[in-house]
Structures are given as structure tokens and as C-alpha cells.
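# Overview (structure and organization)
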Amino acid sequence: MLKAIDQVYWSIYRKLRDKELMRYKKKKQLALKNRDFTIIASNCNGTFMYYDMDLPYLSPTINLSIGMNDFVKMVENLKWYMDQEIVESSGPEAYPIGMLGDVRIQFVHYETFEEGVRQWNERKKRINWDNLFIVGTQKDGCTYETLKRFDQLPYENKVIFTKTEYPEFRSAYYMKGFEEKEELGVLTNHKEQFRIRRYLDDFDYVSFLNQEQQEKTK
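What counts and how
Residues numbered from 1 in each chain as written. Predicted model: local features only at pLDDT ≥ 70, side-chain atom pairs only at ≥ 80, totals over all residues. Heavy atoms only, no water. Helix = DSSP H or I, 4+ residues; strand = E, 2+ residues; numbered from the N terminus. Rg over C-alpha atoms; globule rule 2.2 N^0.38 Å. Buried < 20%, exposed > 50% of the residue type's maximum accessible area, 1.4 Å probe, protein only. Contact = heavy atoms within 4.5 Å. Expected span 1.5 Å × (residues − 1). Arc of directions from axis to C-beta. Pairing = 2+ DSSP bridges. Disulfide = S-S within 2.5 Å. Phe/Tyr/Trp six-rings, centres within 6.5 Å; stacked < 30°, edge-to-face > 60°. Lys NZ or Arg CZ within 6 Å of the ring centre and 35° of its normal.

So, on to the overall build of the protein. Counting its regular elements, the protein contains eight helices and seven strands. In terms of C-alpha radius of gyration, the protein reaches 19 Å, essentially the compact-globule figure of 17 Å for 218 residues. Counting only C-alpha atoms, the protein reaches 65 × 50 × 35 Å along its principal axes. By residue count, 48% of the 218 residues in the protein fall in the buried class.

Pasting the structure below:
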């Protein structure tokens, strides 16, 4: 009897959580006014911003990761790198690896190198160069100097998530909960709480992405 009650309880609990999540996502989607943007991101944080807003991927940096030093180097000369071909490489990882010039691309969510490159090439054609957002993360070899170089990137709309506060960097956004870690954790993981939220949801990325619209209406 108690087991049956527990099952009913957990069924209701899950339904309530799912409904709350649907309302939360819908509210964010309705608040997003800028809908034709390109997010160039060092990992899947950008991917999930598109995914949660139910928008097409207008970026090649989807379902992959790039070490932060390589990422900053790439974004410092983005148009040149977007003209380069990706060459297959190798490493100890179980997923495909490619070299974009001297930048290492980790196709972490692709079965084959060919699939990753095909998606990269298709999506880079969709880049909206007039509506760019740059998103970095303090992990994968990110040093203080890397943070400094990121902050100096010639893009108005950029953010780098950090595990501690850096008031000297305008683009740094402190994500709580990783202070004791060597680097920032996976922000697309869910928190342990009733409401289904990712760590990434601590950042108001809807307002961040709406900045371009606000500039156009001034």
C-alpha cells in the first residue's frame, strides 16, 4: 500500500515539475525579442540557449567544445578562422577531434568526424555577422591572462562565466556553486532542487541576447 502511495506521489511530483518547467521556458521564449542571432561559444552553453528558446542553430559551435585559449585565439580573428577547413586529428578522447588551423575542435557530441565537420560547415553559412554574441567559460585551460584577453575582444556583446568574481573584467559573470573547484563545472547540468533548472539559468541570457535589439531601438 505504501509503495503504491509513493508511486502516486512521485508521479504527481514529476508532473508538477514538468508543468512548471514548461511555463518557465515559455515565459523566457516570449521575453526574447532578438531572434536572429549567432552565439559563438566555447562549449554547449550556447547550444542550450538556442535549444531552450526553440530556435534554429545559427552557429557552427554547436555540440562541441574548444579549449579557452584556442577559443579566444579563434574569436580574435573569427572571419579568418571561419574560412579555414577542418582537418581530422587524433587524441586520447573517445570523440572525434579536428584542427581548424591551429585551433583544436572537440566534437564531443558527434559519432564521427565527418558528421561534425558537415554540421560545422552547414551552420557557419548561417552566421549573422551583424548580430554576434560571444560566450566563454572559465575552464579547459582558462588562465587569468585568458580572461583578460577575452575581456579585450572587440565585441560589444560577450560574457565569460567564472567560478569567482572578477570586478576588473566587464565581461565576467560569476556563477555560484563552484568556488571550491579547480575550474567551473558543467553549467548545463541540472541543480538538485524542485524546480528543474540548470546552473546556466542563473544567468539571464534572455536579457543578454536582447541587448542587440535594445541598441537598434535607441
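Next comes the rest of the account.
The next subject is the side chain of Ser42. Mapped onto the fold, Ser42 is located in the loop between strand E1 (38–41) and helix H2 (45–52). What makes Ser42 buried here is its relative accessible area of 2%. Excluding its chain neighbours within four sequence positions, the residues that come into contact with Ser42 are Leu64, Ser65, Ile66, Met68, Phe71, Val135, Gly136 and Thr137.

Helix length check: helix H5 (residues 113–124), at 12 residues, gives a terminal C-alpha distance of 16 Å against a target of 16 Å (1.5 Å per residue), a fit within 8%. Within H5 the residues assigned to the buried category are Phe113, Gly116, Val117, Gln119, Trp120, Arg123 and Lys124. Taken around the axis of H5, the buried residues stretch over an arc of 165 degrees, which confines them to a single face. Where the residues of H5 are buried, they touch helix H3 (68–76), helix H4 (78–82), strand E2 (86–89), strand E3 (97–100) and strand E4 (103–106).

At Asn63, a position not held by glycine, the phi torsion is positive, near 60 degrees. By secondary structure assignment, the location of Asn63 is in the loop between H2 and H3. With phi around 55 degrees, Asp140 is a residue other than glycine that occupies positive phi space. Tracing the sequence through the fold places Asp140 in the loop between strand E5 (132–137) and helix H6 (144–151).

On to the pairing of strand E6 (residues 158–162), then. Most of E6 is tucked away: five of the five residues are buried. Both faces of E6 are covered, namely the face carrying Lys158, Ile160 and Thr162 and the face carrying Val159 and Phe161. Bridge analysis of E5 against E6 gives four bridges, and the strand direction is parallel. Bridge pairing links Val135 to Val159 in E6.

Another aspect to go through is the state of the cysteines. Going through the model one piece at a time under the given rule, you end up with zero disulfides. Cys142 carries a free sulfur, and the closest cysteine sulfur to it, the one in Cys44, is 17 Å from it.

This paragraph deals with the pairing of E4. Where E3 meets E4, four bridges bridge the pair, whose relative direction is antiparallel. Each residue of the ladder has a partner; that of Met99, found in E4, is Arg104. Connecting the antiparallel pair E3 and E4 is a turn made up of two residues, with Gly101 showing a positive phi of about 65 degrees.

What follows covers the packing of aromatic side chains. Considering all chains together, one arrives at 16 aromatic pairs under this definition. Seen from their ring centres, Tyr50 and Tyr57 are 5.8 Å apart, and the 85 degrees between their planes marks the pair as edge-to-face. As far as the burial class goes, Tyr50 and Tyr57 line up, both buried. Note on Tyr144 and Tyr166: the rings are 6.1 Å apart at their centroids and 50 degrees apart in plane angle, and the pair reads as tilted. On the criterion of sequence distance, the pair formed by Tyr144 in helix H6 and Tyr166 in the loop between E6 and strand E7 (172–174) is long-range, its members being 22 residues apart. Overall, Tyr144 belongs to the partly exposed group, its relative accessible area being 44%. With a relative accessible area of 17%, Tyr166 lands in the buried category. Across the ring face of Trp129, the terminal group of Lys79 is positioned such that the distance to the ring centre comes to 5.1 Å. Directly above the aromatic system of Tyr24 lies the positively charged group of Arg197, at a separation of 3.5 Å from the ring centroid.

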